[in-house]
Amino acid sequence: MASEHHSHFETRSVSTGEDPANTKAGDVTVPIHLASTYTLSNVDPDLSLEEVDPDRGEFLYGRLSNPTRHAAETRIASLEQANHGLCFSSGSAAIATTFLSIVEPGDHIVAFDDLYAGTTRMLTDFFEQRLNVEVTAVDATDVGNVEAAMQPETKLVWVESPTNPSMRLCDIAAIAAVAHANNSLLGVDNTFLSPYFQQPLSLGADVVAHSTTKYLNGHSDSIGGAVVTDHDPLAEEMGFLQQIALGNQMPPFDAYLFLRGMKTLPSRMRDHEANAMVIAEYLETHPAVSDVFYPGLESHPQHELADRQQSGYGGILSFDLAGDQSDAIAFLEALSEFSLAVSVGGVESLIQLPAAMTHEPLGEKARAALGITDTLVRMSVGIEHVDDLISDLDKGFAAMSETPLSET
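Only a predicted model underlies this, so the values are computations on that prediction, with no experimental measurement involved. (Residues numbered from 1 in each chain as written. Predicted model: local features only at pLDDT ≥ 70, side-chain atom pairs only at ≥ 80, totals over all residues. Heavy atoms only, no water.)

(A) Layout of the overall build of the protein chain. Summing up its helical and strand segments, the protein chain has 14 helices and 12 strands in all. Against the globule reference of 22 Å for 408 residues, the protein chain gives a C-alpha radius of gyration of 22 Å, in line with a compact fold. Projected onto its principal axes, the C-alpha coordinates of the protein chain cover approximately 75 × 55 × 35 Å. Sequence separation of at least 24 residues holds for 73% of the intrachain contacts in the protein chain that already meet a minimum separation of 6. Carbon and sulfur atoms provide 52% of the accessible area of the protein chain, an area that totals close to 16800 Å². For the protein chain, the centre of its 20 positive side-chain charges and the centre of its 59 negative side-chain charges are spaced 6 Å apart. (Helix = DSSP H or I, 4+ residues; strand = E, 2+ residues; numbered from the N terminus. Rg over C-alpha atoms; globule rule 2.2 N^0.38 Å. Contact = heavy atoms within 4.5 Å. Areas by Shrake-Rupley, 256 points an atom, 1.4 Å probe, with all protein chains shown as cover. Lys, Arg positive; Asp, Glu negative; His and termini not counted. Charge placed at Lys NZ, Arg CZ, Asp CG, Glu CD.)

What follows is the structure, given as structure tokens:
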């Protein structure tokens, strides 16, 4: 699906994929098309179901194509400056379809050892154990580790940058060069920064995935995923799996919410980042905080890389509290503006304790290897007034100092 490339990101966020002239009533937003099937003007035995014939009718069956989903796919492709975009029922479905489109039994994947836990489990429990795809996990912050892990059978290198929740970065351009020198593709999960702050295709990546549930939708009310690429054969294979083989496409209502969310993406991302920077600087000087992990801080070990490959730092950060896990729990449970909840990227501020929540299934040894301590807190900073957020954090620190088990 070809994207439309207007000159400015903000314009593409609002208008690409939606044309009032294409609707009978002149809707300025694409309606939610719920029809499961569409009337055709004629029968053409020479055309397959997947082929589009304007004379016959652009749409045939809801699983194959849908006007609302079509608009969403056009827009996300445009935002990532890609030629093809596909929308899926979830971020995990988008990533799984990407993997299935690239590798087959006997192939090899090199993966960042610090990925979303669901992606790691997908690679180990499904692709490695059930599909006989070998997976090598490496610390991709060092490009040399990626290069050393490459094999003749390597078909895909998969990374996230920044990572969850450690906020580590990898050099996308350098890893792309390694992958391509070994006839492999590079895939990047760009969920944490969105296309507003990072454009992996322009850095050499071959395919980019998003959990649209997060920043792209931005309102914590829709589940979805998206993949964009300029690689024509890969796009064709993913389209086959999405529409024909797996049927895991994004539903019309979620596509409508996704379109709605992208309209305000630039404004939201600027507010997320502004608030996150103020909070990161506040936390960095707080006596109850031992470390803050936010690429926007000069103290971050990869701050220079962030400046080089990103246009901003995003709205997610993590920090280590002094004390033990009981102190961290007291801190979290005293908050009211920050909701104790998993996920990221909504307009509301969310906070969680990875060791006891999202990353608890990894086990203590694996968490320690990734720097996930019992007191590491992950924060998705929303767009509320930053003074209210800091006031809320003050309440958390006060509660932490009052707990009888506190060692701070």
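(B) Inspection of the pairing of strand β7 (residues 225–229) at higher detail. Judged by how many residues are buried, β7 sits mostly within the fold: 5 of 5 residues are covered. Going residue by residue along β7, you find G225, V227 and T229 tucked away on one face and A226 and V228 tucked away on the opposite face as well. Here strand β1 (residues 84–88) pairs with β7 via 5 bridges, running antiparallel. Bridging from a neighbouring strand, F88 pairs with G225 of β7. With 5 bridges connecting them, strand β6 (residues 207–211) and β7 associate as antiparallel partners. Note that in β7 the partner of A209 across the bridge is V227. (Buried < 20%, exposed > 50% of the residue type's maximum accessible area, 1.4 Å probe, protein only. Pairing = 2+ DSSP bridges.)

(C) Representation of the pattern of salt bridges within the structure. Within the structure shown, the criterion is met by 12 salt bridges. Among the ionic pairs, D113 bridges to R168, the shortest N-O distance being 3.2 Å. Placement of D113 in the loop between β2 (108–112) and α4 (117–128) and of R168 in the loop between β4 (154–160) and α6 (172–181) is noted, with a sequence separation of 55 residues between them. With a closest N to O distance of 3.3 Å, K395 and D392 form a salt bridge. Residue K395 and its partner D392 are both found in helix α14 (residues 386–402); the two are separated by 3 residues, about one turn of the helix. The class of K395 is partly exposed, set by a relative accessible area of 41%. (Salt bridge = Lys/Arg side-chain N within 4 Å of Asp/Glu carboxyl O.)

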